[in-house]
Amino acid sequence: MIETIQSMSDYHTAYQRSIDKPEEFWSEIAENFSWYRKWNDVLKWDFSTAEVKWFDGALCNITSNCIDRFALLTPHKSAIIWEANSPQQQSKRYSFKELQIEVAKFANVLKSLGVKKGDRVAIYLPMLIEGAIAMLACARIGAVHIVIFAGFSSESIIDRVNDCDAKVIITADSMVRGEKKISLKEIVDEAIGQVPQIEYCIVLKRGEDNIEMKHGKDLWWHDLMLHADSICEPEQMNAEDPLFILYTSGSTGKPKGVLHTVGGYMVYAAYTFANVFNIQKDDIFWCTADIGWITGHSYSLYGSLLNGTTTVFFEGVPTYPDHGRFWDVIDKHKISILYTAPTAIRALESFGDSIFKDKNLSSLRVLGSVGEPINEEAWHWYHKNVGKGNCPIVDTWWQTETGGILISPIANVTNLIPAFATLPLPGVQPILVNEKGEEMIGNNVEGNLCIKFPWPGMARTIYKNHGRFVETYFSMFPRLYFTGDGCKRNEDGFYRITGRVDDVINVSGHRIGTGEVEDAVGSHPNIVECAVVGFHHEIKGQALYIFAVCIDAPMQVAALKKEVETLITTKIGIFARPDKIQIVKNLPKTRSGKIVRRLLRKIAEDDISNLGDISTLVDADIISEIIAGKMSV
Ligand code: WTA
C-alpha cells in the first residue's frame, strides 16, 4: 500500500524529493502497483509541444490494481455501496470479489460484441454500480470509456459520440432524481438515428415500464450477462495507452475531449486519494460527484478502489425526500469521509439548522470540498455543522485536465485556512506568472496559476486535436501548463484560488478576485450565494456587478445593499465597492452546479441580444427573470 504523509516534516521531505528527484520519487510510488512489465523511462516531456509520457513502455491494467488485488486481499470487503434515490429502496453492496466477477462478465459481453482494445465506448448512466462496472469493464479490455453525464441532452450525446466515434453506448431505461423520473433510453433514442457509428446500445433495465427496443441495435444488459463468462484476463496496456476521454467545456468552442492515459493516471489518482484524505483501512468514502465528471472518475471510482477503500454511490439528490438526506446517508452507511461541492454546502446551509435534527454524523472524520472556490462563510458552516468542529476540511483544487488533485491540504497534517487550497501536493510545481508570463517570485503575490513541471495524472491531449491542446494550455505562457485560474500566494506560501482568470476584474487598476468579493458578500447573514462579474465602466475601466441570492426576501432592499457594500469595503477595500447589486431568486447554473458567469457578464453588460447556448442550464427561465429584475437595480 502507498505510504502516506503523516506530518508536516513528512510533507516537506516528500515535496523536496519530488522536486529534486521526480523520477525517483514517482517510480517508488509506482512500485506499489502491479505491472506486467516495468517502464523504460519514468518520464519524457516537452511542454513546448505538450508531449508528456510517464512510465512509457510499462505494461499494466488498472483493473488488476483496483479489483484483482483486493479480490485476493479483502474479498468480502465492500467495494461499492449503492444508495438509491428513495430511502425506502434497499441499498446494494458489492464486495471486491463480486465486483471482480461482474466486471469480468461485462468485459466478456463487450468482447462478444466486437469491442477491442482502443475502441471507444460511451456510457450514459446515472450513479449506479453498473456505471462503475461498465467503466471498469472497458478498462479491463483496453477500450476507452467516454462517460456522458446522464443529464446531458441528446444533442450533447450526438456531439460527443461523433467526436470520439464510439461504437457502443450503454444506458438504462430510466433514472430517478428526487420526484423526477427521466427516460434515459428515449434521450439516447433521439441521438442514435444521427450517430450511425453506434453498433449496439446496451440497456440496463431498472423500471417496470415496457420500453421499446429499437433499431436492431438495442440489447438488454441482463440478457447479455446471463451466459457471460466470469473470468476475463486483463488486457496488458502500455502505460501511455488511453484509459478514458472526458468532455469538458472551455471558454471557447465545443467541449473538448480530454484524454487520460492508463499508467500515470492510475498512480496519481491513487496517490492523491490516499494522501489528501489521509486514508485509513476502514474508511467509507462518499464523494457526491457523479461519475459523469472527473471527480466521479478519479475519486468515486478509481482513486478509492485503487486503495481498497469502500466507495459510496448515491443516485439521489441532497433534498429528497427532505433536506436531511445527506446526513441520513452518512449515518446509515457510517461514512467517514464526505467529499462534496460548495454549491451543495451552500444550498443546504440555506435551509437552516433544523436539517440536522436527530442526525448523528459522528462517523465523519474528514470533509472535502471541490469544484469551485469555497467561500469562508460556507467553509465555517461546513466545519461547524457537518464536521462538528473536529473534521479537517480539505479544499482540493484541480481540474478535469489535471486528472487528480494538485493543490490541497493533507487531512490531519496541513494547517487549514478557510478558503485556501493551501499547499501543492508532492510532485506539483505551481508557479504564478503575470500577464507577460514573468514569474511572481516570493510570497504575498497574485497571478495566473501555471504548473511548470509534469505530474503523472495530467491529460495527454485533446482527442484528435493535439493542436488545440497545445493552444489552450501551453501557448498562453510558453513552456508552462496554464490552468486558467487566478491564484494568490500568501505570506506563508499558502495558495488561494481566486477563480477563473477571465473572472478577475480590474477596477480602477486594482485587480479584484471575484472569489474574494463573493466571500465578503456571502458573509452577510441573509445571503446564501452570490456571483460577481465585471462590466464596462467609463471611468474605472471595469466595475463590479453583484447578483445575490437571499435566504429570506429582504424587507428593505436598499438597506441590504448598503450592508453588502459596507461588508466589501471593510473586508477588501473601498476600491472594491460594487456599482450594482441585484437580488435574484437563483443563479444560472449548469447541471454540475457551476455558476454560468458568462451569462451574468452579458446581462451585466446589457449585451443580451445573443446569449448563446443556454441549454446546459438547470433552469433556463431564471435568465429572463434576472434580465427583468435588472430594471430595478
Ligand atoms: C475550479 C473539477 C477553487 C477551478 C475538479 C478549476 C476550484 C475548475 C477548486 C475545474 C477549488 C476546482 N477551489 N476552484 N478547490 N476546484 N475549481 O474541470 O476554476 O470541473 O479550473 O474539475 O474548477 O473544473 P473541473
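Look up a bit, the structure's there.
Note that the coordinates shown come from a computational prediction; the quantities given were computed from them, not determined experimentally. (Residues numbered from 1 in each chain as written. Predicted model: local features only at pLDDT ≥ 70, side-chain atom pairs only at ≥ 80, totals over all residues. Heavy atoms only, no water.)

Visitor: Got a sec to walk through the overall build of the protein? Specific residues and values, please.
Guide: Within the protein one finds 18 helices and 30 strands. Against the compact-globule benchmark of 26 Å for 633 residues, the protein has a radius of gyration of 24 Å, which places it among compact chains. If one aligns the C-alpha atoms of the protein with their principal axes, the spans along those axes are about 70 × 60 × 50 Å. The burial tally for the protein puts 62% of its 633 residues in the buried class. For the protein, the proportion of contacts with a sequence separation of at least 24, taken over those separated by at least 6, is 71%. On the protein, the mean spot of the 65 positive side-chain charges and the mean spot of the 78 negative ones are 1 Å from each other. (Helix = DSSP H or I, 4+ residues; strand = E, 2+ residues; numbered from the N terminus. Rg over C-alpha atoms; globule rule 2.2 N^0.38 Å. Buried < 20%, exposed > 50% of the residue type's maximum accessible area, 1.4 Å probe, protein only. Contact = heavy atoms within 4.5 Å. Lys, Arg positive; Asp, Glu negative; His and termini not counted. Charge placed at Lys NZ, Arg CZ, Asp CG, Glu CD.)

Visitor: Any chance you could break down helix α15 (residues 514-522) for me, citing the residues and the numbers?
Guide: For α15, a buried count of nine out of nine residues is recorded, marking the element as mostly surrounded by other parts of the structure. For α15, the full list of buried residues reads Thr 514, Gly 515, Glu 516, Val 517, Glu 518, Asp 519, Ala 520, Val 521 and Gly 522.

Visitor: For the site of the ligand, give the residues involved together with the corresponding values.
Guide: Neighbouring residues of the ligand: 16 residues in total, closest Asp 395, Thr 396, Thr 400, Asp 485 and Arg 500. Lys 594 places a polar side-chain atom, nitrogen or oxygen, 3.1 Å from an oxygen atom of the ligand. Among the secondary structure elements, those contributing two or more residues to the shell around the ligand are α10 (294-306), β20 (393-396) and β25 (495-500). Of the residues assigned to the shell around the ligand, the class counts are six nonpolar, five polar and five charged. (Near = heavy atom within 4 Å. Polar contact = N/O pair within 3.5 Å; in protein donor to acceptor, adjacent residues only side chain to side chain. Nonpolar A, V, L, I, M, F, W, Y, C, P; charged D, E, K, R; others polar.)

Visitor: Can you break down the packing of aromatic side chains residue by residue, with the values?
Guide: With the rule as written, the count across this model stands at 40 aromatic pairs. Where Trp 35 meets Phe 55, the ring centres are 5.7 Å apart and the plane angle is 50°; that geometry is what we call tilted. Of this pair, Trp 35 sits in the loop between α2 (22-30) and β1 (41-46) while Phe 55 sits in strand β2 (residues 51-56), and the two are 20 residues apart along the sequence. Residues Phe 326 and Trp 327 carry aromatic rings whose centres are separated by 6.1 Å and whose planes lie at 85° to one another, so their mutual orientation is edge-to-face. Taken as a pair, Phe 326 and Trp 327 share a single burial class, namely buried. (Phe/Tyr/Trp six-rings, centres within 6.5 Å; stacked < 30°, edge-to-face > 60°.)

Visitor: Describe the pattern of salt bridges, and please don't skip the residues or the numbers.
Guide: For the structure shown, the criterion picks out 31 salt bridges. Among the salt bridges present, the one from Glu 31 reaches Lys 38, with a minimum N-O distance of 3.0 Å. Relative accessible area serves as the criterion here: at 45%, Glu 31 is assigned to the partly exposed category. Residue Lys 38 is classed as partly exposed on the basis of its relative accessible area, which comes to 40%. (Salt bridge = Lys/Arg side-chain N within 4 Å of Asp/Glu carboxyl O.)

Visitor: Talk me through the nonpolar core; I want residue IDs and the actual numbers.
Guide: Residues Trp 35, Phe 55, Phe 106, Ile 170, Phe 277 and Tyr 302 are the most contacted members of the largest nonpolar core, which totals 162 residues. Residues Phe 326, Ile 330, Trp 379 and Trp 381 belong to the second largest nonpolar core, which totals 27 residues. (Core = buried A, V, L, I, M, F, W, Y, C linked by side-chain atoms within 4.5 Å.)

Visitor: So what's going on with unusual backbone geometry? Residues and values would help.
Guide: Between Tyr 320 and Pro 321 the backbone carries a cis peptide bond, its omega angle lying at 0°. Position of Pro 321 among the secondary structure elements: in the loop between β17 (310-314) and α11 (325-333). Of note, the phi angle at Phe 55 is positive, near 55°, even though the residue is not glycine. A relative accessible area of 0% means that Phe 55 is categorised as buried. Phi is positive for Lys 334, close to 55°, though the residue is something other than glycine. Looking at the element boundaries, Lys 334 is found in the loop between α11 and β18 (337-340). The exposed category is assigned to Lys 334, whose relative accessible area is 55%.

Visitor: Before we move on, could you go through the side chain of Ser 174 and cite the residues and values that matter?
Guide: Counting through the fold element by element, Ser 174 comes out in the loop between β8 (168-172) and β9 (175-177). Apart from the residues within four sequence positions on either side, Ser 174 is in contact with Lys 181, Ile 182, Ser 183, Leu 184, Arg 206 and Gly 207.

Visitor: Run through the sheet that holds β18, naming residues and quoting values.
Guide: Read across the open sheet, the seven strands follow the order β5-β4-β17-β16-β18-β19-β20; overall the sheet is mixed. Pairing within the sheet leaves two strands with one partner each, and these edge strands are β5 (92-95) and β20. Looking at each pair of strands side by side, their axes are set apart by 20° on average, direction ignored. Bridge analysis of strand β16 (residues 284-287) against β17 gives three bridges, and the strand direction is parallel. The residue of β17 that forms the bridge with Ile 284 is Thr 310. The strands touched by α11 are β4 (78-83), β5, β16, β17 and β18; relative to β4, the strand with the most contacts, the crossing angle is about 145°. (Pairing = 2+ DSSP bridges. Axes fitted to C-alpha atoms, helices over the stretch in contact; angles between N-to-C directions.)

Visitor: Describe in detail the pairing of β1, supporting the description with residues and values.
Guide: Inspection of the sheet shows β1 paired to β2 by five bridges, in the antiparallel sense. When the sheet's bridge partners are listed, Asp 41 is paired in β2 with Asp 56. Following β1, the chain reverses through four residues before pairing antiparallel with β2; Ala 50 in that reversal takes a positive phi of roughly 55°.

Visitor: Give me the packing of α15 against helix α16 (residues 557-571): which residues, what numbers.
Guide: Each pair of packed helices gets described by two things: the angle between the helix axes and the distance between those axes. It is the contact of α15 with α16, at a shortest axis distance of 8 Å, that shows an interaxial angle of 130°. With respect to their mutual orientation, α15 and α16 come out oblique. In this structure, the crossing between α15 and α16 has a hand that is right-handed. Where α15 approaches α16, its residues Val 517, Ala 520 and Val 521 are matched on the opposing element by Val 564, Leu 567, Ile 568 and Lys 571. For the contact of α15 with α16, the class distribution of residues is six nonpolar, no polar and one charged. (Parallel < 35°, antiparallel > 145°, perpendicular 65-115°, else oblique. Left-handed = near helix turned anticlockwise from the far one by under 90°.)

Visitor: Let's hear about the state of the cysteines: which residues, and what values?
Guide: All told, the structure shown has zero disulfides when counted by the stated rule. Unpaired in terms of disulfides, Cys 287 finds its nearest cysteine sulfur in Cys 66, a separation of 16 Å. Unpaired in this structure, Cys 391 has its nearest cysteine sulfur neighbour in Cys 287, at a distance of 17 Å. The buried category is assigned to Cys 391, whose relative accessible area is 3%. (Disulfide = S-S within 2.5 Å.)

Visitor: Summarise the pairing of β16; cite the residues concerned and give the values.
Guide: A two-sided burial pattern is seen for β16, the buried positions comprising Ile 284 and Trp 286 on one face and Phe 285 and Cys 287 on the other. Note that the unit made of β16, α10 and β17 has a crossover that is right-handed. (Right-handed = clockwise from strand over helix to strand, strands pointing away.)

Visitor: Now, about the side chain of Thr 590: what can you tell me, with residues and values included?
Guide: Here Thr 590 is to be found in the loop between β30 (580-584) and α17 (597-604). There is a polar contact of 3.1 Å between the side chain of Thr 590 and the side chain of Ser 592. Excluding its chain neighbours within four sequence positions, the residues that come into contact with Thr 590 are Val 596, Thr 616 and Val 618.

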